[in-house]
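Coordinate inspection notes
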Amino acid sequence: MSSRSFIERALEHLPALRRVGRRLTGSTAEADDLVQETVARALERRDELRDPERLKGWLLAVQRTVYLNSRRGLRPRLEVLEGGLGKESAPEPSADLEAELHERTLSAGMKAALDSLAPEWRDALWLREVEELSYEEIARVQGCPVGTVRSRLARARLAMLDFLEKEKAHGSL
């Protein structure tokens, strides 16, 4: 595949790369950097893509590798922000309409339930339900067997259901 046609096809998947990048990094700016590095690395290794029809899953696997490589040796750090928002303050627009719409589509209970999951479970569930990847594609992205993906998805769904039922019983939802 020529570099021009590869780039054109890869650009179709930028929204998915950004969404998953935000889930991985927790930051729009870091996600954008991750996407840029992912596309550069994918372009260098485009000859390794065996099935052009599975480009999205392959790109997400490259992104995961780039992300994990960038995190090796990093230690958690405390960032002090000046002038936090009070409860009565309205949040400022983020200039990222996609992110704002995404934030509004999940209820607080669903966000909390997702955040309560182990990262591997949450990522597998996200890739399946939001990015609509097949089990095989998720296995490639997460670097694990398909059976592990099935297990992670089953456990994630049960854990979310359990979390939401407990929240409902306590009147939190």
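Every value quoted in this text rests on a predicted model; they were computed, and no experiment measured them. (Residues numbered from 1 in each chain as written. Predicted model: local features only at pLDDT ≥ 70, side-chain atom pairs only at ≥ 80, totals over all residues. Heavy atoms only, no water.)

A separate point is the packing of aromatic side chains. Counting across every chain of the model gives one aromatic pair. Centroid distance F6 to W58: 6.1 Å. Interplanar angle 85°. Geometry classified as edge-to-face. With F6 in helix α1 (residues 3–11) and W58 in helix α4 (residues 55–71), this residue pair connects regions lying 52 residues apart in the sequence. We note R23 situated over the ring of W126; from NZ or CZ to the ring centre the distance is 4.6 Å. (Phe/Tyr/Trp six-rings, centres within 6.5 Å; stacked < 30°, edge-to-face > 60°. Helix = DSSP H or I, 4+ residues; strand = E, 2+ residues; numbered from the N terminus. Lys NZ or Arg CZ within 6 Å of the ring centre and 35° of its normal.)

Tallied over the entire structure, the rule returns nine salt bridges. A salt bridge links R71 to E30, with the nearest nitrogen and oxygen atoms 2.6 Å apart. With a gap of 41 residues between them, R71 in helix α4 and E30 in helix α3 (residues 28–44) connect regions that are remote in the sequence. E30 sits in the partly exposed class, given a relative accessible area of 31%. Here D162 makes a salt bridge to K166, at a shortest N to O gap of 3.2 Å. Taken together, the positions of D162 and K166, both in helix α9 (residues 146–169) and four residues apart, correspond to about one turn of that helix. One connected set of salt bridges, linked through shared partners, spans R19, K56 and E131. (Salt bridge = Lys/Arg side-chain N within 4 Å of Asp/Glu carboxyl O. Buried < 20%, exposed > 50% of the residue type's maximum accessible area, 1.4 Å probe, protein only.)

In this section: the environment of E30. The spatial distance from the C-alpha of E30 to the C-alpha of R18 is 9.8 Å, given a sequence separation of twelve residues. Those residues in contact with E30, other than ones at most four positions away along the chain, are T25 and R71. (Contact = heavy atoms within 4.5 Å.)

Here the protein chain shows a mean pLDDT of 81. Residues at 70 or above account for 78%. Here helix α5 (residues 97–105) stands out as the element of the protein chain with the lowest mean pLDDT, 52, in contrast to helix α8 (residues 135–142), whose mean of 92 is the highest. Per-residue pLDDT stays below 50 along residues 75–91; that stretch engages in two contacts with residues further than four places along the chain or on separate chains. (pLDDT = per-residue confidence, 0-100.)

With that out of the way, let us pick up the environment of V20. Tracing the chain through its elements places V20 in helix α2 (residues 14–25). For the pair formed by V20 and V130, sequence separation is 110 residues and the distance between their alpha carbons is 9.6 Å. The residues touching V20, leaving out its near neighbours within four places in the chain, are L60, Q63, W126, L127 and E131.

It is worth spelling out the side chain of R152 at this point. Within the secondary structure, R152 sits in helix α9. For R152, which is buried and forms no salt bridge, the nearest opposite charge comes from E120, at a distance of 5.6 Å. Those residues within four positions of R152 in sequence are excluded, and the remaining contacts are E120, W121, A124, Q142 and C144. (Lys, Arg positive; Asp, Glu negative; His and termini not counted.)

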